[in-house]
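Per-entry structural report
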Amino acid sequence: MVGDEEIQDNYKKGIEAYRRGDLSQASHHLMQVVETDEHDHRAWNALGVVLTKMGKYQDADVCFENALILDQGNAVYERNRVKNSSHVKKDMKELLSSGYFSLPANLPFGLSAPYLIGGILLLLILIALLAVIIPPFFQPEPLATSAGDIQISIEQLDDLILVKNNGGAGLEKVAEFLLTGNNQTIHSLSGLPRNLGTSKGSTLGIPHEDLYPISDDNTVTIRLSARYVDDSERPVLNQKIILPVLVNETAVMNITPVLIPYDPQYKTGDILINESGSYLLVSDILPDNQYRIQSLNRRNEGLFFIQPYSAQNMSMQETEQSSIKSAMLQIPAEGMLSPDIPYQAVRNDSSSGIGPLYVPGDVVSSSKSSSEEAFVILGFDSGTDEYAFDNLYQYHSGEWGYRPDALSEWKDRSEFERSYPVRVTRIALSQVGIGEESSPPGTQPLYKDGDIVAKDRGADASLLLIMAYDPLTNSYATSPIWQSYNGGWERAEKSEVIIRSALEKEYSYRVRTIDSSLVKVR
């Protein structure tokens, strides 16, 4: 059965393909969404927009109709359907002969039938022209395809190259320029990446000494891409630079420098953990005693994603001193790892082979008597032999429980099980709240409209009237209330919204329930 995550993934891929101009892939992904979930009106509308661009106007009209049936009155869907309808060709002769334009024998004001038919035809033509002329407001073309040309020039001097922004149409819509040399980020001596400004006339000087490290044969291909404010990208420069041959004392003395051989500790595909706890991937072994390193992101189920644009060259010795090996990734036959694909780590040779003691949902602690420190197991990665976990706290009602935030930690299985050997309980992860102000997921609110609540049973305790509960914000609308001299009830004119968990914790006593419509507003 296809899950919501796969449906959302297809929808996202369809929108991204549309923005790239790949209409065939866009229609393919969006068609998969509506075939899986025929009630997704967003996907029906997006598919209609794609089919309109492909010239399939009749099919697009069906998509817009389905979207409007599922979300009646949606103004965006209405506009899209009207715009598409202007492309649907109709046989006017058949339309006129169908009886829709049958005229009475005696027309008012002495008009003749030809004049009236001509007026109607003129009105229809005017409506069609307006539908074509009015620009669409949904899914505009990506700026990368619609913006004008931006002129970037390169000038090579004796000891550096100058990259200059000469401006052009659409420059004001550029968020940043992405600069690479031989597909690598160009860093300054301070370690910061070099960037070209987005204003006309901006100039970037790159010393030759910054380019020699990324060149094996004194040639560097400079590539510059513009990233627009809508996150679309477009290449604006691709030029090869030939660096001057370095002449030094060693060359004059005809002595060939010899690179001291170094036996690398890591190999391609190894996953490393650095001193800050971040995951790194060794993506290549370079001939000059360097590793090609890329940063990794990790999800709770243990899958790794390569961070795009994170590749950098690092000294083998420096990398081995600051990192340890955690696991490895299986390198595909083609030898390339893509940032868009999740990868499962492969178990280390040093792993014990013993299965995990805990499963997702287990609540564990250091001892049976410890109630202050508890953790919930979120996942386990057999490749790295590590648990994903987070702190877990009890609600004021004694129920488990809530996490302080949505972030998780990873820890070696044997070390974690040794530190926290006691399973306190087991809960469904779907029942775990996020944040102290959350309420136990799946539980009903304690109070309803008309309840009068207090902090305690004291006669002078302040009272609140529950006026409404909003499940979307998980909060109550309340108002201070008191009893009038004639025995009735009065409340303040202004109301206050209070988070459900905070109100039920502080106002734990229900005094009584009344008809709130009979309460007088002071």
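As the structure is a prediction and not an experimental result, all values here were calculated from the model.

What counts and how
Residues numbered from 1 in each chain as written. Predicted model: local features only at pLDDT ≥ 70, side-chain atom pairs only at ≥ 80, totals over all residues. Heavy atoms only, no water. Salt bridge = Lys/Arg side-chain N within 4 Å of Asp/Glu carboxyl O. Helix = DSSP H or I, 4+ residues; strand = E, 2+ residues; numbered from the N terminus. Buried < 20%, exposed > 50% of the residue type's maximum accessible area, 1.4 Å probe, protein only. pLDDT = per-residue confidence, 0-100. Contact = heavy atoms within 4.5 Å. Pairing = 2+ DSSP bridges. Patch = residues over 30% accessible without salt bridge, like charges linked within 9 Å, V, L, I, M, F, W, Y side chains within 5 Å. Areas by Shrake-Rupley, 256 points an atom, 1.4 Å probe, with all protein chains shown as cover. Polar contact = N/O pair within 3.5 Å; in protein donor to acceptor, adjacent residues only side chain to side chain. Axes fitted to C-alpha atoms, helices over the stretch in contact; angles between N-to-C directions. Parallel < 35°, antiparallel > 145°, perpendicular 65-115°, else oblique. Left-handed = near helix turned anticlockwise from the far one by under 90°. Nonpolar A, V, L, I, M, F, W, Y, C, P; charged D, E, K, R; others polar. Expected span 1.5 Å × (residues − 1). Arc of directions from axis to C-beta. Phe/Tyr/Trp six-rings, centres within 6.5 Å; stacked < 30°, edge-to-face > 60°.

1. A few points about the pattern of salt bridges
- Within this structure, the stated rule accounts for 22 salt bridges.
- Linking Arg194 and Asp210 is a salt bridge whose minimum nitrogen-to-oxygen distance equals 2.6 Å. One end of the pair, Arg194, is in the loop between β4 (184-185) and β5 (203-207); the other, Asp210, is in helix α9 (residues 208-211), and 16 residues separate them in sequence.
- By relative accessible area, Arg194 is classed as buried at 19%.
- For Asp210, a relative accessible area of 6% gives the class buried.
- For Lys448, the salt bridge is made with Asp451, and the minimal N-O distance between the two is 3.6 Å.
- The buried category is assigned to Asp451, whose relative accessible area is 0%.
- Members of the salt-bridge network, linked through shared partners, are Asp61, Glu65 and Arg81.

2. A short note on the confidence of the model for the chain
- Considering every residue of the chain, the mean pLDDT works out to 81; 84% of them sit at 70 or more.
- Across residues 90-103, confidence stays below pLDDT 50; counting only partners more than four residues off in sequence or on other chains, it has 10 contacts.
- Overall, residues 249-255 carries pLDDT values under 50, and its contacts beyond four positions in sequence, including any with other chains, amount to three contacts.

3. A look at the sheet that holds strand β6 (residues 219-228)
- Taken in spatial order, the four strands of this open sheet run β4-β3-β6-β7, and their pairing is antiparallel. Each having just a single partner strand, β4 and β7 (233-242) make up the two edges of the open sheet.
- Two elements, strand β3 (residues 174-181) and β6, share seven bridges in a ladder whose sense is antiparallel. Of the residues in β6, the one forming a bridge with Val174 is Tyr228.

4. So, the sheet that holds strand β19 (residues 400-403)
- Strand order in the open sheet made by the three strands is β18-β19-β22, with mixed pairing throughout. Strand pairing shows two members of the sheet lacking a second neighbour, β18 (393-394) and β22 (433-434), which therefore form its edges.
- Alignment of β18 against β19, held across two bridges, turns out to be antiparallel. Bridge pairing in β19 links Gln394 to Trp400.

5. Considerations on a nonpolar patch on the surface
- Taken together, Leu123, Leu124, Leu126 and Ile127 make up a surface patch of nonpolar side chains, about 370 Å² in accessible area.
- Here Leu126 lies in helix α7 (residues 113-133).

6. Description of the environment of Ser517
- Considering the arrangement of structural elements, one finds Ser517 in the loop between β28 (509-513) and β29 (520-521).
- Taking the C-alpha atoms as reference points, Ser517 and Gly450, 67 residues apart in sequence, are found 8.6 Å from one another.
- Within polar-contact distance, the side chain of Ser517 engages the side chain of Asp515 at 2.7 Å.

7. Focus on the packing of helix α3 (residues 41-53) against helix α5 (residues 75-85)
- Here α3 crosses α5 at 25 degrees, and the two axes come no closer than 11 Å. With respect to α5, the axis of α3 lies roughly parallel. Note on packing geometry: the crossing formed by α3 with α5 is left-handed. Contacts between α3 and α5 involve His41, Arg42, Asn45, Val49 and Thr52 on the former and, on the latter, Tyr77, Asn80 and Asn84.
- In terms of residue class, the contact of α3 with α5 is built from two nonpolar, five polar and one charged.

8. Details of helix α4 (residues 57-70)
- The end-to-end C-alpha distance of α4, which contains 14 residues, comes to 20 Å, matching closely the 20 Å that a straight helix rising 1.5 Å per residue would cover.
- All of the buried residues in α4 are Ala60, Asp61, Cys63, Phe64, Ala67 and Leu68. Projected onto a plane normal to the axis of α4, the buried residues spread over an arc of 160 degrees and lie on a single side. Within α4, the exposed residues directed more than 90 degrees away from the buried face are Gln58 and Ile69.
- Looking at the buried side of α4, the elements it contacts are α3 and α5.

9. A word on unusual backbone geometry
- A cis amide bond links Trp400 to the next residue, Gly401, at an omega of -25 degrees.
- Within the secondary structure, Gly401 sits in strand β19.
- At Asn183, a residue that is not glycine, the phi angle is positive and equals roughly 65 degrees.
- Considering the arrangement of structural elements, one finds Asn183 in the loop between β3 and β4.

10. Side note on the packing of α4 against α5
- For the pair α4 and α5, interaxial distance at closest approach is 9 Å and the crossing angle is 160 degrees. On the basis of the axis angle, α4 is roughly antiparallel to α5. Where α4 crosses over α5, the two elements pack in a sense that is left-handed. Contacts between α4 and α5 involve Tyr57, Ala60, Asp61, Phe64, Glu65, Ala67 and Leu68 on the former and, on the latter, Tyr77, Glu78, Asn80, Arg81 and Asn84.

11. Regarding the packing of aromatic side chains
- Evaluated as defined, the whole model comprises 15 aromatic pairs.
- Judged by centre distance (5.4 Å) and plane angle (75 degrees), the ring pair of Tyr279 and Phe304 falls under edge-to-face. Here Tyr279, found in strand β9 (residues 279-286), pairs with Phe304, found in strand β11 (residues 304-306); they are 25 residues apart in sequence, far enough to count as distant.
- Take Tyr279: its relative accessible area is 10%, and that puts it in the buried class.
- With a centroid separation of 5.1 Å and an interplanar angle of 45 degrees, the aromatic rings of Phe416 and Tyr420 are classed as tilted.
- What makes Tyr420 buried here is its relative accessible area of 12%.

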